[in-house]
Structures are given as C-alpha cells and as structure tokens.
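Commentary on secondary and tertiary structure
One letter stands for each residue in the lines below.
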Amino acid sequence: MQRRAHPALIAFAVLTFLFLIGPLVIIVGAALSDTSYLTFPPQGLTLHWFQNVFEISAFKRTMITSFQLAVGGTALSMAIGIPAAYAMARYRIELPRFLGNVFVLPILVPEIVLGFSLMKSVAVGSGVPIMGALLLGHALLVLPYCVRVVGASLNSFDFSIEEAAVSLGCPRWKAFFTVVLPNVKPGIIAGFILAFITSLNDVSISIFLTGPGVSTLPIQLLAHMEQFFDPTIASVSVLLMFVTVAVMAIVERTLGLTFLTK
Amino acid sequence: MSPRLQAWLLAIPATLLVAVFLGLPVLSTFATTIGTDGSPLSNYSAYFESRFRMTVLWRTMEVALITTLVSVAVGFPTAWIVAKSPGRLKSILIIAAVFPLLTGVVVRSFAWLVILGRNGILNEFLQKVGLTAEPLSMLYTQGSVIIAMIYLFVPLMILTLVGVLEGIPEDLTDAAASLGATPASTFRQVVLPMAVPGLIVGAVLVFTGSFTSYATPQLLGGERQMMMGTFLYQRAMVTFDWVGASTIAVIMVVVTLATVIAMSRLARRMNPVAG
Amino acid sequence: MTVSLDLSDVTAHYGNTKVLEDLSLHVAEGELVSLLGASGCGKTTTLRLVAGFLEPTSGRIKLGETDLTRLPAHSRDIGLVFQTYALFPHLSVRDNVAFGLKQRGEGRAARQRKADEMIERVGLAGFADRFQANLSGGQRQRVALARALVIEPRLLMFDEPLSNLDAKLRVDMRVEIRRLQQINGTTALYVTHDQEEAFSISDRVAIMNAGRIMQLDTPEVLYSRPANLFVADFVGFENVIPMRAVAEAGDAVRAEIEGGGMIDLPKQHYTVPAQEFVLASRPEGLLVDTADRTDGLPAKLGLRTYLGRAYQYQCDTTAGPVKANGPLGTPREEGEIVTLIPQPEQCCLLPREAK
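Definitions and cut-offs
Residues numbered from 1 in each chain as written. Chains lettered and ligands numbered in written order. Predicted model: local features only at pLDDT ≥ 70, side-chain atom pairs only at ≥ 80, totals over all residues. Heavy atoms only, no water. Helix = DSSP H or I, 4+ residues; strand = E, 2+ residues; numbered from the N terminus. Contact = heavy atoms within 4.5 Å. Areas by Shrake-Rupley, 256 points an atom, 1.4 Å probe, with all protein chains shown as cover. Lys, Arg positive; Asp, Glu negative; His and termini not counted. Charge placed at Lys NZ, Arg CZ, Asp CG, Glu CD. Pairing = 2+ DSSP bridges. Axes fitted to C-alpha atoms, helices over the stretch in contact; angles between N-to-C directions. Buried area = accessible area lost by both parts, 1.4 Å probe. Salt bridge = Lys/Arg side-chain N within 4 Å of Asp/Glu carboxyl O. Polar contact = N/O pair within 3.5 Å; in protein donor to acceptor, adjacent residues only side chain to side chain. Nonpolar A, V, L, I, M, F, W, Y, C, P; charged D, E, K, R; others polar. UniProt positions renumbered as here; feature names shortened; annotations may be inferred. Expected span 1.5 Å × (residues − 1). Bend = angle between axes of the 7 residues up to and from the residue. Buried < 20%, exposed > 50% of the residue type's maximum accessible area, 1.4 Å probe, protein only. 1 Å grid on protein atoms, 1.4 Å probe; cavity = no way out; pocket = protein on both sides within 12 Å on 5 of 7 lines; lining within 4 Å. Points joined across faces, edges and corners; volume = space filled by probe spheres on them. pLDDT = per-residue confidence, 0-100. Phe/Tyr/Trp six-rings, centres within 6.5 Å; stacked < 30°, edge-to-face > 60°. Lys NZ or Arg CZ within 6 Å of the ring centre and 35° of its normal. Domains from an automatic or database assignment.

1. What to know about the overall build of chain C
Within chain C, the secondary structure is distributed over eight helices and 20 strands. For chain C, the share of sequence-separated contacts (at least 6 apart) that also reach a separation of at least 24 residues comes to 65%. Counting only carbon and sulfur atoms, one obtains 48% of the accessible surface of chain C, whose full area is about 15400 Å². Positive and negative side-chain charges in chain C, numbering 40 and 46 respectively, have mean positions lying 7 Å apart.

2. Let's talk about the sheet that holds strand S10 (residues 212-217) of chain C
All names here are of chain C. As summarised here, the arrangement of the six strands in space is S6-S7-S8-S3-S9-S10, forming an open sheet in which the pairing is mixed. On the outer flanks of this sheet lie strand S6 (78-81) and S10, each paired with one strand and no other. Put simply, the sheet's adjacent strands are angled 20° from each other on average, direction ignored. With five bridges connecting them, strand S9 (residues 204-209) and S10 associate as antiparallel partners. Bridge assignment links methionine 208 to a residue of S10, and that residue is isoleucine 213. Against the sheet, helix H1 (residues 43-51) contacts strand S3 (32-36), S6, strand S7 (155-159), strand S8 (187-192) and S9, and its axis sits at roughly 145° relative to S7.

3. A closer look at the sheet that holds strand S13 (residues 262-266) of chain C
Residue and element names in this part refer to chain C. Sheet architecture is open: five strands sit in the order S13-S12-S11-S14-S20, paired in antiparallel fashion. Of all the strands in the sheet, the pair left with one neighbour each is S13 and strand S20 (347-351). Taken over all neighbouring pairs, the strand axes of this sheet differ in orientation by 40° on average, direction set aside. Across five bridges, the pairing between strand S14 (residues 276-281) and S20 is antiparallel. When the sheet's bridge partners are listed, leucine 279 is paired in S20 with leucine 349.

4. Observations concerning the interface of chain A and chain B
Much of the literature gives interface size as the accessible area that the parts lose upon coming together. With 76 residues of chain A in contact, the opposing surface of chain B contributes 79 residues. Summed over both sides, the interface between chain A and chain B buries roughly 6900 Å², with carbon and sulfur atoms accounting for 84% of that surface. Summed over the three residues of chain A that lose the most area to chain B, namely Phe17(A), Phe19(A) and Thr261(A), the buried surface amounts to 9% of that side. For the pair chain A and chain B, the number of links is zero salt bridges. Taken together, the connections running from chain A to chain B amount to nine residue pairs in polar contact (both at pLDDT 80 or more). Across the side of chain A that touches chain B, the residue classes break down as 62 nonpolar, ten polar and four charged.

5. Observations regarding the UniProt feature "domain: ABC transporter" (unreviewed entry) in chain C
Residues annotated in UniProt with the feature "domain: ABC transporter" (unreviewed entry) correspond here to residues 5-235 of chain C. The span residues 5-235 of chain C carries 36% helix and 26% strand; its end-to-end C-alpha distance comes to 26 Å.

6. Looking at the UniProt feature "transmembrane region" (unreviewed entry) in chain A
Residues and elements named next belong to chain A. Under the present numbering, the feature "transmembrane region" (unreviewed entry) in UniProt falls on residues 7-32, 67-86, 98-118, 130-154 and 233-251. For residues 130-154, the helix share is 100%, the strand share is 0%, and the end-to-end C-alpha distance is 35 Å. Spanning residues 233-251, this segment combines 100% helix with 0% strand, and its end C-alpha atoms are found 27 Å apart.

7. As for helix H7 (residues 142-166) of chain B
Residue and element names in this part refer to chain B. Taking 1.5 Å per residue as the helical rise, H7 with its 25 residues ought to reach 36 Å, and the 35 Å between its terminal C-alpha atoms agrees with that figure. Most pronounced at phenylalanine 153, the bend in H7 amounts to some 35°, and the proline proline 155 follows within four residues. Summarising burial for H7: 18 of the 25 residues are buried, a large majority.

8. Side note on empty space enclosed by the protein
Counted by the stated rule, this structure contains one cavity of 30 Å³ or more. Looking at the lining of the largest cavity, the elements that each hand over two or more residues are helix H9 (185-201) of chain A together with helix H5 (105-116) of chain B. Sort the elements by how many residues they give to the lining of the largest cavity and H5(B) lands first, with three residues. For the lining of the largest cavity, the class distribution of residues is six nonpolar, two polar and no charged.

9. Considerations on the confidence of the model for chain A
When pLDDT is averaged across chain A, the result is 89; 97% of the residues are at 70 or more. Per-element confidence in chain A is highest for helix H10 (residues 206-209) of chain A, whose mean pLDDT is 95, and lowest for helix H4 (residues 95-108) of chain A, whose mean pLDDT is 73.

10. Let's talk about the packing of aromatic side chains
Evaluation of the coordinates by the stated rule reveals 22 aromatic pairs over all chains. Ring-pair connections join several aromatic residues into one group, and the members of that group are Tyr86(A), Phe157(A), Phe159(A), Phe176(A) and Phe177(A). Sitting above the plane of the Tyr91(A) ring, Arg90(A) keeps its charged end 5.8 Å from the centroid. Residue placement shows Arg282(C) over the ring face of Tyr223(C); its charged tip is 3.8 Å from the ring centre.

11. Focus: the domain arrangement of chain A
Residues and elements named next belong to chain A. Along its sequence, chain A is organised into domain 1 (1-46) and domain 2 (55-261). Placing the centre of domain 1 and that of domain 2 at their C-alpha centroids yields a distance of 30 Å. Between domain 1 and domain 2, the residue contacts involve nine residues of the former and eight residues of the latter. Of the roughly 680 Å² buried where domain 1 meets domain 2, counting both sides, 81% is carbon and sulfur surface. The largest per-residue losses of area from domain 1 upon contact with domain 2 belong to Ile27, Ala31 and Leu38, which jointly make up 63% of the total buried on that side. Inspection of the domain 1/domain 2 interface yields zero salt bridges. Applying the counting rule to domain 1 against domain 2 returns zero residue pairs in polar contact (both at pLDDT 80 or more). The residue makeup of the side of domain 1 that touches domain 2, split by class, is seven nonpolar, two polar and no charged.

Laid out in structure tokens, this is it:
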C-alpha cells in the first residue's frame, strides 16, 4: 500500500542495471565458448580456457605475486593503520584534523602519480628491490581504506568498555587486544578484504613498479590482451570475479554491503 | 605518558609511511620539473605551447567532464530508485552495483573490448541484422573510451548517491506533499537541494578518477586517444623523458587538487543545512 | 470553511499484516479528536491514511464532501505536524513556513507577508531568517506548527507532535496547539500515546488497540466510565476484581468475590452489567479501613509506600493482589487484616471478558 515510483523511472533504473551487469555476463559467456576467439553467446561449452589459464606460467606466477602483494601490502597497512585509527577515534581532539589531512593525501595524489614517483625515487632512485617498492606502493594505496573502515568501527565503539576493563585491573595495552580489537573485528575484516581487492585490482601503481621477472596479474593481463585475443583472458576475468564474489560475501557478513553506500 | 603523547606515538608509523614514501617522492617529482635553463617554469611553458600535449590535456578534460555529467545523469535517477526500494530488492540492487565496482578495472575495460572490437559482439550483431555491411571501427575512439569510463564510474556514483538519498528523511518528502507539493516539485525543491553535497562528492570522485585513469584509455583509446594517464606512462617508460613525465604528473596533481578545492568550496556554499 | 472528517470501514495492511480493521471515525466540524494508544495500535497508520501517504485496502475517507481515498497526498489540503517536525533543513524558517503557500501559487510578496505574520503568531518573531540547525526543539515545533497553519488547511493533523520536547515545554505547547486550533476552528486529528496530553486538549478521544477503536468519547466519560476492560486498564483502573452477583440485599446487590467473600454494592452507585462481572478501580478507589466492616473486600496488607497525599498498600485479597490507598493519619503495618472499601466515583463495574 506504499506508493510506487514512476514507471519511466523504474524502466530507467532497470536499463542502468542491465548496462552494469550485461558486460560481465558477456565475459562469463565468452570464457565458456568453445571457440578460439571471443564471442557471445558462447558457441559450445568448454572449461578448456580455464585449464589454459593454469598452463600459462606467466598467469600462474603473477597470480601468486598479486595475492602475496595484496596480503602483504594490506597487512602492512593494517599494522600501521589500526593504531592510527585508534588514536583518531580515542583522542578526538585536534588529532583527526591533522591525521585526516595525512590520510587524504593518498586520495589527492592520483595513483598513477604515486606509482611514477615511487618508481622514480624509490625503485630507481634508492635501489629498493621491485617487490619492496610494490609492497610500499600497495600499502600506501590501501591505507585510506584501512583507516577509514576500521575508523568507522572504532567511532561507534564505546570506549567506556575499555575504561571498565582498565578499572578492573587490565593494563591498557592488554585492554586494547582483549576488549577493543574483538569488538571492532568486523570492521578490521571488512577493511582488510576491501583493501585486499583494491590491491589485487591495481594497475596504476603496479604498471610503473613491475619489471623483468616480477609482475602482477592485472599487468600481465594488460600485456596479454595486447598480443592475444582469446578466451583465456575472459577465463582469468571470471576467476577474478569469483574473488569479487568472495569479497562481497565477507563484507556482507561483517559490516554489510550497505556500508559501502556510506 | 599523557594521552595526547600516546595518541601521537600511535599515529607516527602511518604518518611516516605517508610522509617518506608518498610525500617525499611526490615532492621530488615536483622538483624534477623545475627548469634548469632560465625560467623555473620553462617545462610548463613548453607543455602549454605544444599543440599535441595540450590536445592530450583538453581531451582528458573533455572525457572526464562528459563521464562525470553522464554518470550523474544515469546515477541519480537509478540511485533514487535503489534508495526507495523495499529492503530485499534494495540489497539485491546494491549487490548489483557493488559487484562491478569491486571487479577490477582491467576486467571491466576488457568487457568493452569484447563488445566494441572489430570482430566484437556489437559489430557481429549489427552485421547480422543488416545495419552495416562492413564492421565499424568503434575501438580507439573517444566514444569507446567514454563509454567504458561511464561503465567504470556509474556504480561509484550510484553507491555515493544512495547513501545521500537514504539520508533524506521520508518525513521531509511527506511534509512537502502534505503542503501541496507535487512529486516533481518535491524533487526540485526538497530532494535535489538536499542531495547537492552528495552530488558534488560523487562528481569529484568521478572527475578525478577518470581524469587520472590509465588502464581504460590504454585499452580502449590506445595511442590514438592518448590521455594524461597513458601519456605519463609513455613519457616515463617508453621515451624515458622523466622531466616530461614529471610535468604531466604535476599537472595531474594540480588539476585534481583544484577540482577538489573548488568543489568543496562549492559544496560549502551550497550546503543546504548551513544557516 | 470548517468541514468534518469521516472514515468509514477503513482497513489497511502492511504487506500481509492487517494493521487497521474496519475503522470508522467521525470528526465533527471544528472538533479536535485524539487517537490515543500504545505504539503499533494503528493510530499513526490512521493518520498516514488520511494524509495520503498510505492507501487503505478498503473503506472510504471523506473530508467534507471531498472523497480523499484515492486523492494524491499533495491535493488533500491537510496541515500536518510531524513528530520529527520534518522542517526542510535547506530552507530558512520563513521559507519553511511559506513552502505550502508557494505550492498554492501565491506570489512572493504575499507569501512572505503571510509567513511572517504566522511566525509572529507562534511567537517566533525575529527568527524568520534562521535555519533549523540554529533552533531549539521548542522553536522547531513552533515552525512546524506555523507551516501547517499558514496554508489554512481544511484539516489539521498532529503526529505525536510533542514527544521530542521536555516535560514542561510539552505542557506549554499543548495549550498553544489547542489555542491556535481554536482560533480558526479548524477540524483536527491528533495522534499521541500520552493520555494526559490527549485528555487535556481534546474534545473527544479515541482509545485504540490492535487496529480498532476501543472507545471514542469525551475525556470526562473515558476517565470515569470506561466501557471495557482495555480502556479501564488504560485510564488507570489497575485493580480488577472478578465477582458474581448472587442476591438482592435491600438497596444493594450482593456479590460473591472470586476466591471467597461477599460484598454489597449499593444500587444508587452501581449498575451490575451481567451476572459475571468485574469491579475495576484505581488504587485510590479502594480505601483501607478496619477489618470489622462488611461492605468491602477483606485483605491482608503488604508493603506500604508514601505517595504524599496518601499511603499506598500492596494488598492480598482472595481475588489476588490489589493496590489500595489509606489515609496519612493512620499508617498501618504489614500483615494487618483490613477491609478495602470501594469508592464509587473511582470504581466501575464491567462485564467479564474472555482473556
């Protein structure tokens, strides 16, 4: 008995969502096609192209690198981001203003500029090994996500609980691990997983920092696309979509996907 | 130890990481662009005098602007429907918007390569229904870059605006109706002005995102539709002209900063709640 | 022009849940009727149906001669004051008040003048250029009131308008609301869960429960003569003592109290509604007296609390625990055996209901 929106508006929204989902459906179809070229709807069904992904060593190698990088970069970012987020939430005065400015920097500086600058100053200029430079770049890339998502959880955390623990004889540092952290766990998990997928999908920073021998999956995909145009890429894309689904499931279970609209 | 000192200590590692590995390298990029012969801004005047380089800058501006406007036009009505949907449907729609957002830019650009390519799905379809005899070359045009960019940024716009529109209490639109406002005037006089700050945030994200993008113009624009991102890469990694690349980088930072500052000024001025 | 509001046999659903059942209600010209009840009783649903934010499953809503049932909300000409006030945060006080006039196509000058007049009338002169963010709760309430009044609607509606104000302001504002409603004699529907608020300003009050009106009457009648156990309990008849009429005893009816004991109920005060009935009373409707009286309920005293004007006792009777009051001069001790004398003006007899 609630009033409905205008039919034209509904039709418009339906078209928008078709536009959003359609191309991804096409990729899935193309990945399953039993042809040596990309086509949709698929002609014949095969999983051959998925098998092919794991037979091409470059994909296998870069996939591993990408996962290592995403886990390592995010872990590094969390290790330094959580204390900062805690400090901002706990001591609200003056600190957030300063730190807010610090953490907005990675947003204000375009990723591609960060990638280029890191390559120029850190990788080439200071001789940091490729993997190290990549790790730093990805940690910087995801730091705003970590601080923001964990910060959102901490901001709704009632710090009197921590004070209660201290008043009951629990040392401060221990109270942080036994009282604060367990209560913001959903935020940390969600932040970790969102940072992870951001890192996994990154092109703009990695494109400058990958070199002979070390590359990430998206960069390898880009290179592959410029030479070959077969369903293998579609299969890799589908595999990456599975990762996206897993990420969404985890975010939904922790903070809920509506968190992403806030 | 005072709580304040403690707070600062906790924040030091993160601050250091940002300062040393983002602040310093970017400053060094800025420094690289300072001209050694005569005027310190000679690299910039060289840039602004080159017709080709300016074409790249204007093209990037144009693509980013069109992408932003279309994303707003597509995102706003869609976000309105999402925000007004009942619980379960709303979750499904949000999932449908989040999924592409979390899918990588390479994958999403690749989809348009498959659709718009010479032997792509669209050409195949057009030939089958007889709309065209020869395949059209749709790739490596400004249009192909723009459509892929729109595809890239519409989910972001939708999700930003859903949050904003959900924040407008239903009571307000009900109140407008009870005072005699038609749905159209309620939208114009209540919803739109209240959504302005969110629209501005969304527009800034889309504009700066598309202005500094790399993968999409690389895949769908190629050499022919060089944009700032691809131009920067080409100068840095193909011709090894680091001064030129740094100049492009600084221009990108300046445009991003100017957009953010101008728009947040505008947002503050148009902030409906300010009294 | 004052008009009446008529709801006939209105039924409404949220999804599959029925929230209003065959509700009929007549609000006469210029009358203020309150819908009173706990949350979920259907009072706000009724208001939203009249406002046009919801559509009834069946039934009709008429305002004067106009059938509102399928009319869009913006064509109904109803001034509505929201619980949240629903002030437009992006508009000044003046523009908020003028909003409805603007929709009615009034010129800029005319609507500003009318808005300013109304702002002054609700006591906010000098606040016209402020925004909601800079107003106190009471001031917001007044703006909401002015905004609803200035369009001179045919019907005024209030949805828990005072629930976000502190206690003292609530009392002031409800007087103000009543005063402003009576200036133009606008027909009004007022929704609240606060009994005192409803009783103090309404011509009539409808006490609602589970999507139905349990009793619709003047506050005076509701307060002293509830028509059923639900209303009795709602207006404070906490003690419910089941009885059975057994015999005539001169000028009284002799009744057997459930669980044992007899009581004589004088006919001049009580009308027995059925053979099986209950005596319902407020605590002050049972007065503690010595054990030797025969015209009351035998009881054993429990805990005593001090109320200022009297003592209150938790008592055990054969029919179960009740609350009774006793005079200040003679405090009694726990365990004493007493008689509780019903005070006719604070008691009533009601037919028993299946639980």
